[in-house]
Amino acid sequence: MTGSIVCGKSQTPVERYGFLQVKGIHLASQAGEPVVLHGVSYGWHNFWPRFYNEKSVEWLAKDWHVSVVRAAIGVEPKGGYISDPSKAVDAAEAIIKGAVKSGIYVIVDWHSHNINLDSAIQFFTCIARRYHHYPNIIYELFNEPDYESWADVKNYAEKLIPVIRAYDKRNIILVGCPHWDQDINLPAADPVKGFDNIMYTVHFYAATHKEWLRARC
């Protein structure tokens, strides 16, 4: 269930949880209660643009009862942010606006396999400046680092997080880790410091990632 019943009215996830925060090692509601979000990720916006609209978000919220969606904003391939930044921002905003209307959370995902700091700064400055006052927003800085070291990814995050925090002081920021988000042991041993409400991502592929990655997590 993604909502609760109060006085006969069903609450949306955002109405129920408010601004999310990190409390200890857990994602928590504004009131400090543990939260687990369930949802789906959109495909790269430049490959599947037909899904990037408010109606698709509304349908997922009502039919699938998701509490979060992920807007995967492609960066390097043809039609991605680097070649067409305005289209990328429009796609992100369509999902963000849909999430706000439906009362669910939205992960704004910089969907890249390489470090593109200058472009990421431009993109997240735009998003944070426009939407920092909404509790719906979750920022994902780097979809899947592949062959970058943790030192590289951490340095990138430490440069990009202050850009977001200049506008958005509280919404959750997600930081990836090397080898397609599998080396979660590296940020666990050497986390980003000096910022609140930072979390780290693990990508678990059920067909191939078995006990070794569960144990690492």
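In what follows, the structure referred to is the one given above.
Each chain carries its own residue numbering, running from 1 in the written order of its sequence. Since the coordinates come from a predicted model, pLDDT governs what is reported: local features require at least 70, and pairs of side-chain atoms require 80 or more to be given and counted, while whole-chain, interface and lining totals use all residues. Side-chain measures were taken over the full set of non-hydrogen atoms in the model, leaving aside hydrogen atoms and water.

1. Here we look at a nonpolar patch on the surface
Stated precisely, the cut-off is as follows: To count toward a patch, a residue needs a relative accessible area over 30% and no salt bridge; like charges are then connected within 9 Å, while nonpolar side chains (Val, Leu, Ile, Met, Phe, Trp, Tyr) are connected within 5 Å. Only the protein chains shown count as cover for residues, with accessible areas throughout obtained via the Shrake-Rupley method and a probe of 1.4 Å. Just to be clear on terms, a salt bridge is a Lys or Arg side-chain nitrogen sitting within 4 Å of an Asp or Glu carboxyl oxygen. Secondary structure follows DSSP: runs of H or I at least 4 residues long count as helices, runs of E at least 2 residues long count as strands, and numbering of each begins at the N terminus. Using a 1.4 Å probe on the protein chains alone, a residue whose accessible area is under 20% of its type maximum counts as buried, one over 50% counts as exposed, and one in between counts as partly exposed.
A cluster of nonpolar side chains, namely F47, W48 and F51, defines an oily patch on the protein surface of about 300 Å² accessible area. With respect to the helices and strands, F51 occurs in the loop between β5 (39-41) and α2 (54-64). For F51, a relative accessible area of 40% corresponds to the partly exposed category.

2. A closer look at the side chain of S56
Inclusion rule: In protein, a polar contact requires one atom able to donate a hydrogen and another able to accept it; more generally it is a pair of N or O atoms within 3.5 Å, and residues adjacent in sequence count only if both atoms are side-chain atoms. Two residues qualify as a contact provided that any one of their heavy atoms is within 4.5 Å of a heavy atom in the partner residue.
When you line up the elements, S56 lands in helix α2. S56 sits in the buried class, given a relative accessible area of 17%. Of the polar contacts made by the side chain of S56, one reaches the side chain of Y42; its length is 2.7 Å. Not counting residues up to four positions away in its chain, the partners in contact with S56 are Y42, F51 and I95.

3. Brief notes about α2
Let me state the cut-off plainly: Think of it as the arc spanned by the lines of direction from the helix axis to the C-beta atoms.
For α2, the complete set of buried residues consists of S56, V57, L60 and A61. The buried residues of α2 all sit within an arc of 135° when viewed along its axis, so they share a single face. Turned more than 90 degrees from where α2 packs its buried face, K55 and K62 sit exposed. For α2, the elements touching its buried residues are β5, β6 (68-74) and α3 (85-102). Taking the backbone nitrogen of K55 as reference, a side-chain oxygen 3.2 Å away marks N53 as the first, capping residue of α2. Just beyond α2, the residue with positive phi is H65, at close to 60°.

4. Let's talk about the packing of α3 against helix α4 (residues 117-131)
Short version of the rule: What counts as an axis is a line fitted to C-alpha atoms, over the stretch in contact for a helix, and the angles between N-to-C directions run from 0 to 180 degrees. Should the near helix be turned counterclockwise from the far one by less than a right angle, the crossing is left-handed, whereas a clockwise turn marks it as right-handed. Classification convention: Asp, Glu, Lys, Arg as charged; Ala, Val, Leu, Ile, Met, Phe, Trp, Tyr, Cys, Pro as nonpolar; all other residues, Gly among them, as polar.
Put simply, α3 and α4 touch, their axes get as near as 11 Å, and they point 30° apart. Relative to α4, α3 is oriented so that their crossing is right-handed. Taken together, the residues of α4 that come into contact with α3 (itself represented by V89, A92, E93, I96 and K97) are F123, C126, I127, R130 and Y131. When its residues are assigned to classes, the contact of α3 with α4 shows seven nonpolar, no polar and three charged.

5. Comments concerning the pattern of salt bridges
All chains considered together, the criterion is met by nine salt bridges. Of the charged contacts in the structure, one is a salt bridge between K55 and E58, with a shortest N-O distance of 3.5 Å. Taken together, the residues K55 and E58, both in helix α2 and three residues apart, mark about one turn of the helix. We classify K55 as exposed; its relative accessible area is 62%. Two residues, R216 and D183, come together in a salt bridge whose shortest N-O distance is 2.8 Å.

6. Considering the state of the cysteines
Just so we agree on the cut-off: Whenever a pair of cysteine sulfur atoms sits within 2.5 Å, that pair is classed as a disulfide.
If you walk through the whole model with that rule in mind, you get zero disulfides. Distance from the sulfur of C177, which forms no disulfide, to the nearest cysteine sulfur (C217) is 8.5 Å.

7. What about the pairing of strand β8 (residues 137-140)?
Looking along a regular strand, one sees side chains alternate from face to face of the sheet. Here is the rule we go by: The criterion for strand pairing is that DSSP finds at least two bridges linking the strands in question. When the strands point away from the viewer and the connection leading from the first strand across the helix to the second strand turns clockwise, the crossover is called right-handed.
Burial along β8 is two-sided: I137 and Y139 and I138 and E140, pointing in opposite directions, are all buried. In terms of strand pairing, strand β7 (residues 105-111) meets β8 through four bridges, oriented parallel. The partner of V106 across the bridge, within β8, is I137. In this region the chain leaves β7, passes through α4 and returns to the parallel neighbour β8; the handedness of that crossover is right-handed. Running through helix α5 (residues 150-165), the crossover from β8 to the neighbouring parallel element strand β9 (residues 173-175) is right-handed.

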